[in-house]
Amino acid sequence: MDETEKQKRDLGVFMEETITIERMGYGSEAVGRLESGKAVFVEGGAPGDVAALEIVEDKPTFARARIARLVKPSELRVRPRCEAGAACGGCPWQHLSYDAQLEAKRANVAAALERTAKFGRERAEELVRPCLPSKRQWGYRNKLELGAAMDERGTFQLGFHREGAHDIASPGACPLAHDAIAKAPKALRGALRFAQGSADLGIFRVGVRHSLHTGDLEVALWTSPGSFPRGHIAKTVKSAVKATSIVRVMADPGKARKIKGVETLDGKGCWEEQLGDARYLASAPSFFQVNTAQAEKLIACVIEGLGGRMGEDGPEGLDDLLIADLYAGGGTFSVPLAQAGAEVLAVEAAGSSVRDLRRNADMNRVDLEVIGGDAARELPELGGLDALVVDPPRAGLADGVVESIAAAAPERVAYVSCNPATWARDVARFESQGYRLTSVQPVDMFPQTYHVEVVSVFERL
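Residues numbered from 1 in each chain as written. Predicted model: local features only at pLDDT ≥ 70, side-chain atom pairs only at ≥ 80, totals over all residues. Heavy atoms only, no water.

A tally of helices and strands in the chain yields 13 helices and 24 strands. Radius of gyration (C-alpha) of the chain: 24 Å, near the 23 Å computed for a compact globule of 461 residues. Principal axes of the C-alpha set define a box for the chain whose edges measure 75 × 60 × 40 Å. Residues counted as buried form 54% of the 461 residues belonging to the chain. Considering only intrachain contacts with a sequence separation of at least 6, the fraction spanning at least 24 residues in the chain is 61%. When the accessible surface of the chain is totalled, it reaches about 20,700 Å², and 48% of it is carbon and sulfur. Each charge class in the chain was averaged separately, 57 positive and 64 negative side chains, and the resulting centres sit 6 Å apart. (Helix = DSSP H or I, 4+ residues; strand = E, 2+ residues; numbered from the N terminus. Rg over C-alpha atoms; globule rule 2.2 N^0.38 Å. Buried < 20%, exposed > 50% of the residue type's maximum accessible area, 1.4 Å probe, protein only. Contact = heavy atoms within 4.5 Å. Areas by Shrake-Rupley, 256 points an atom, 1.4 Å probe, with all protein chains shown as cover. Lys, Arg positive; Asp, Glu negative; His and termini not counted. Charge placed at Lys NZ, Arg CZ, Asp CG, Glu CD.)

Right, dumping it as structure tokens:
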């Protein structure tokens, strides 16, 4: 073995091969085929690339590779805009033209129906509509979530966790975010380093939200419970960003993040956003869609999928229908459903979201029956329904929920999903329970990434 081969082995390179990359997978990587026919996943690849690959992981059924050199770059490539993208991983598709991103997302949704729901290719392709584009391809995010930690030298770090990694990348700005918060990572990193000094105040996460409609800007500091210099930190944060609200969320670090309490350090203590003609208040722990303009398209797709329409004065056409909204959050769909004339049963488990839901119903002067509880447990008690909206977390619907929905016998179900794989699994469950998938609308909530939102409609046979 010569010296070059030895160096490659030390770097984990098994072999080299030149291929033409075929498509984007549902993930950051592109997909091609080796001469053996084995699928190979290539970070930074684009459909149509002719690339010399270095195989760095060789499994029995697939391989992973990096590009050693581009023999012939794809015509779908564009110049990446964010220089820090490789470090933080927040925009893994930025090297693709936007049209190519949209087509890849539509193709991935159709592929999920084939692979997981076992649909025939022809039916899957007929059902899945072109992906609705985002008007803003950069600068669309109303929220940034930053990881925070003290490093081994005792220096406070604030930035982005790359997917699947624990280290923190620390770019100065994020071009995916609204201009008002794009430079917040650098500004807050400096301010919080100054405010803490060498002390560790237990800050493990920082959320920053901004609304183009209302101008609200909120900074949420997630900390472990305990003593905290509230006034000093609030003053320092306010000197770094023009916040209308600064809050502290007390929780235990880790995935569970059980909320122990929320306190207002300065300002309003909540964040206000507008979708269409509806206003929403959101507490710091509560979820809200990060692309406001595209969230309005989600709402329109749901209203129209259930037989209503978006009129000049807002949603309409669902008069006197009894509609349940499961995983209702702060009322993203519940409020416009009620505005359209429906009688709405809004089910939500998270305490902060239940409080937001009640406030948002009052603020928009609509009647909602708010039910605080787990969707799977509450659903059998709702009785017969005319229609149902479900927007579950990435894991999809829990076992038994589809059967409970079928027992409630709504004529139509609108299912909003952020994960095509779990959605396609649930599609098969619905079809086994007497429902037929009639429309699939991908919506691009997250340009420059592989993520895609899906609004689908089922009709009872």
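Considering all chains together, one arrives at 29 salt bridges under this definition. The residue Lys-59 makes a salt bridge to Glu-57 at a minimum N-O spacing of 3.9 Å. Residue Lys-59 is classed as partly exposed on the basis of its relative accessible area, which comes to 37%. Of the charged contacts, one joins Glu-459 and Arg-412 as a salt bridge, the two residues approaching to 3.9 Å between their closest N and O atoms. (Salt bridge = Lys/Arg side-chain N within 4 Å of Asp/Glu carboxyl O.)

Taken together, six strands build an open sheet; the order of strands is β1-β5-β6-β4-β3-β2 and the sheet is mixed. Every other strand in the sheet has two partners, leaving β1 (15–20) and β2 (23–24) as the edge strands with one partner each. The pairing of β2 with strand β3 (residues 29–33) spans two bridges and is classified as antiparallel. Across the sheet, residue Met-24 finds its bridge partner in β3, namely Ala-30. (Pairing = 2+ DSSP bridges.)

Our focus in this paragraph is the sheet that holds strand β22 (residues 412–417). Judged by pairing direction, the sheet is mixed, and its seven strands sit side by side in the order β20-β19-β18-β21-β22-β24-β23 without closing on themselves. Only two strands of the sheet have a single neighbouring strand rather than two, namely β20 (368–372) and β23 (435–443). Neighbour-to-neighbour, the strand axes of this sheet turn through a mean angle of 15 degrees, independent of strand direction. One ladder, built from five bridges, connects strand β18 (residues 322–326) with strand β19 (residues 343–348); its direction is parallel. Residue Ile-323 lies in a different strand from β19, and its bridge partner there is Val-344. Running over the sheet, helix α10 (residues 351–363) touches β19 and β20 and is turned about 170 degrees from β20. (Axes fitted to C-alpha atoms, helices over the stretch in contact; angles between N-to-C directions.)

Moving on, we get to unusual backbone geometry. A negative phi holds for most residues other than glycine; trans holds for most peptide bonds. In this model, Tyr-327 sits at a positive phi of 55 degrees, which is unusual for a non-glycine residue. Among the secondary structure elements, Tyr-327 is positioned in the loop between β18 and α9 (334–339). Judged by relative accessible area, Tyr-327 falls into the partly exposed class, the value being 22%. Phi at Ala-409 takes a positive value of approximately 60 degrees, unusual for a residue other than glycine. With respect to the helices and strands, the residue Ala-409 is situated in the loop between α12 (401–408) and β22.

Here we take up helix α7 (residues 230–240). Regarding α7, the residues found buried are Ile-233, Ala-234, Thr-236 and Val-237. The buried residues of α7 occupy an angular sector of 170 degrees when the element is viewed end-on, so they sit on one face. Exposed and facing more than 90 degrees away from the buried side of α7 are Gly-231, Lys-235 and Ser-239. Looking at the buried residues of α7, the elements they touch are α6 (184–196), β11 (217–223), β12 (245–251) and β13 (259–267). (Arc of directions from axis to C-beta.)

Parsing the chain into structural domains produces domain 1 (14–76), domain 2 (119–132 + 290–458) and domain 3 (141–272). Once you take the C-alpha centre of each, domain 1 and domain 3 turn out to be 38 Å apart. (Domains from an automatic or database assignment.)

Applying the stated criterion to the full structure yields seven aromatic pairs. On the basis of an interplanar angle of 85 degrees and a centroid distance of 5.3 Å, the ring pair of Tyr-26 and Tyr-450 is categorised as edge-to-face. Taken together, the residues Tyr-26 in the loop between β2 and β3 and Tyr-450 in the loop between β23 and β24 (453–460) connect sequence positions 424 residues apart. With a relative accessible area of 29%, Tyr-26 lands in the partly exposed category. Using a relative accessible area of 9% as the deciding quantity, one classes Tyr-450 as buried. (Phe/Tyr/Trp six-rings, centres within 6.5 Å; stacked < 30°, edge-to-face > 60°.)

Of the pockets and cavities examined, the second largest pocket occupies roughly 320 Å³. Residue lining of the second largest pocket: 19 residues in total, with Arg-23, Met-24, Ala-104, Ala-107 and Asn-108 positioned closest to the centre. Broken down by secondary-structure element, the contributors of at least two residues to the lining of the second largest pocket are β2 and α3 (98–115). For the lining of the second largest pocket, the element with the highest residue contribution is α3, accounting for ten residues. Taken together, the residues of the lining of the second largest pocket break down into ten nonpolar, two polar and seven charged. (1 Å grid on protein atoms, 1.4 Å probe; cavity = no way out; pocket = protein on both sides within 12 Å on 5 of 7 lines; lining within 4 Å. Points joined across faces, edges and corners; volume = space filled by probe spheres on them. Nonpolar A, V, L, I, M, F, W, Y, C, P; charged D, E, K, R; others polar.)

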